[in-house]
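Structure at a glance
These are the residues of each chain, in order.
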There are 2 protein chains.
Amino acid sequence: MKKSWVLVAVLAAGVPSWATAQGMDDAIRYRQGIFEALKWNFRDMGVMIQGRKPFDKARFAKEAERVAALAKMPWEGFVKGSSKGEDVPTRARPEIWYDHDKFNTMMQALIDRSAELAVAAKTEDKDGLHHYYGRVAEACKSCHDDFRERD
Amino acid sequence: MKKSWVLVAVLAAGVPSWATAQGMDDAIRYRQGIFEALKWNFRDMGVMIQGRKPFDKARFAKEAERVAALAKMPWEGFVKGSSKGEDVPTRARPEIWYDHDKFNTMMQALIDRSAELAVAAKTEDKDGLHHYYGRVAEACKSCHDDFRERD
């Protein structure tokens, strides 16, 4: 117990700015981290759907589960004021905070469609999954079109 | 359906190196993304456990759920050969791949202890959660001590 407490203290002491004001850079790193993880899984699924490598049903289902879990997480990282980072660049457009209802609706579409894909992945075969995969891809793209700066 | 297919094609076409050889930089970005997301949640829990902000039981439980879900994900990003990135720096030590059994055991401890914390967070109060939180913190620290380069 004593050892644990020291660790807790060390962990919290290392992040004073975060602990007080939830540093904007931390928020940006958080949401970008989630999207990186989401992309890794989602792209692998796309390669299988496209037939560029063999369809592995168990792998696809596992990745769909991960995408569904991750889709619920980034929202909280879009902290007000984090349209610009201190040291961390972000492509988040200010419209996220001006047009918050639309942004929320789009994020909810990602959550809902990812959940549908994860459910479908348990029973459907590759052909049946195209539709569900495409709907998630559309949710990604629409939100990027409206709320993410182009490269 | 047709529109979906175009999106799938666009997504897959954008990542040829990944699709063929699982680019090492992508693997590094993936695992680092997971750890960033894990840290964001875990630190907030630590601030509450320490009493540096009020303990919010529902928030703590939600974050514990996220940590438990995220803890299961990074393992796959430690692809063989990804001890060095091309453009992305990594602090992963080569021992991860030399002493793989030990590394796996430590990653499993993170998974198991995070799951225990998430279960405990549903019923225990703040005092009861110290122990479970500390055990996850220890799992993080032991693995960092052995397998992550110091700054």
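Above: the structure in question.
Residues numbered from 1 in each chain as written. Chains lettered and ligands numbered in written order. Predicted model: local features only at pLDDT ≥ 70, side-chain atom pairs only at ≥ 80, totals over all residues. Heavy atoms only, no water.

Points about the nonpolar core
One finds A:Phe42, A:Phe60, A:Leu117, B:Phe42, B:Phe60 and B:Leu117 to be the most contacted residues of the largest nonpolar core, which totals 59 residues. Elements supplying a minimum of two residues to this core: helix H3 (24-49), helix H4 (57-71), helix H6 (100-123) and helix H7 (126-147) of chain A together with helix H3 (24-49), helix H4 (57-71), helix H6 (100-123) and helix H7 (126-147) of chain B. Apart from residues lying up to four places away in sequence, A:Leu117 is in contact with A:Phe42, A:Met45, A:Phe60, A:Ala64, A:Leu129, A:Tyr132, A:Tyr133 and A:Val136. (Core = buried A, V, L, I, M, F, W, Y, C linked by side-chain atoms within 4.5 Å. Buried < 20%, exposed > 50% of the residue type's maximum accessible area, 1.4 Å probe, protein only. Helix = DSSP H or I, 4+ residues; strand = E, 2+ residues; numbered from the N terminus. Contact = heavy atoms within 4.5 Å.)

Considerations on the pattern of salt bridges
Charged atoms that come close allow side chains of opposite charge to pair. Residues and elements named next belong to chain B. Tallied over the full model, the rule gives 28 salt bridges over all chains. Of the charged contacts, one joins aspartate 44 and arginine 59 as a salt bridge, the two residues approaching to 2.6 Å between their closest N and O atoms. Taken as a pair, aspartate 44 in helix H3 and arginine 59 in helix H4 lie far apart in primary sequence, 15 residues in all. Residue aspartate 44 is classed as buried on the basis of its relative accessible area, which comes to 2%. Judged by relative accessible area, arginine 59 falls into the partly exposed class, the value being 26%. The residue arginine 59 makes a salt bridge to glutamate 63 at a minimum N-O spacing of 3.2 Å. Of this pair, arginine 59 and glutamate 63 both sit in helix H4, 4 residues apart, roughly one helical turn. Using a relative accessible area of 1% as the deciding quantity, one classes glutamate 63 as buried. (Salt bridge = Lys/Arg side-chain N within 4 Å of Asp/Glu carboxyl O.)

Some points on the packing of H3(B) against H7(B)
Residue and element names in this part refer to chain B. Running from N to C, H3 and H7 point in directions that differ by 140°, and their axes come no closer than 10 Å. Considering the angle they form, H3 stands oblique to H7. The chirality of how H3 crosses H7 is left-handed. Along the contact surface, H3 presents Phe42, Arg43, Met45, Gly46, Met48 and Ile49, while H7 presents Lys126, Leu129, His130, Tyr133, Val136 and Ala137. Each residue belonging to the contact of H3 with H7 can be placed in one class, and the counts come to 8 nonpolar, 2 polar and 2 charged. (Axes fitted to C-alpha atoms, helices over the stretch in contact; angles between N-to-C directions. Parallel < 35°, antiparallel > 145°, perpendicular 65-115°, else oblique. Left-handed = near helix turned anticlockwise from the far one by under 90°. Nonpolar A, V, L, I, M, F, W, Y, C, P; charged D, E, K, R; others polar.)

Here we look at the packing of H4(A) against H6(A)
Residues and elements named next belong to chain A. For the pair H4 and H6, the least separation of the axes is 8 Å and the interaxial angle reads 160°. Comparing the axis directions of H4 and H6 gives the class roughly antiparallel. Viewed along their axes, H4 and H6 form a crossing whose handedness is left-handed. Touching Lys57, Phe60, Ala61, Ala64, Glu65, Val67, Ala68 and Ala71 of H4 are Leu110, Ile111, Ser114, Ala115, Leu117, Ala118, Ala121, Lys122 and Thr123, all from H6. The class makeup of the residues in the contact of H4 with H6 is 12 nonpolar, 2 polar and 3 charged.

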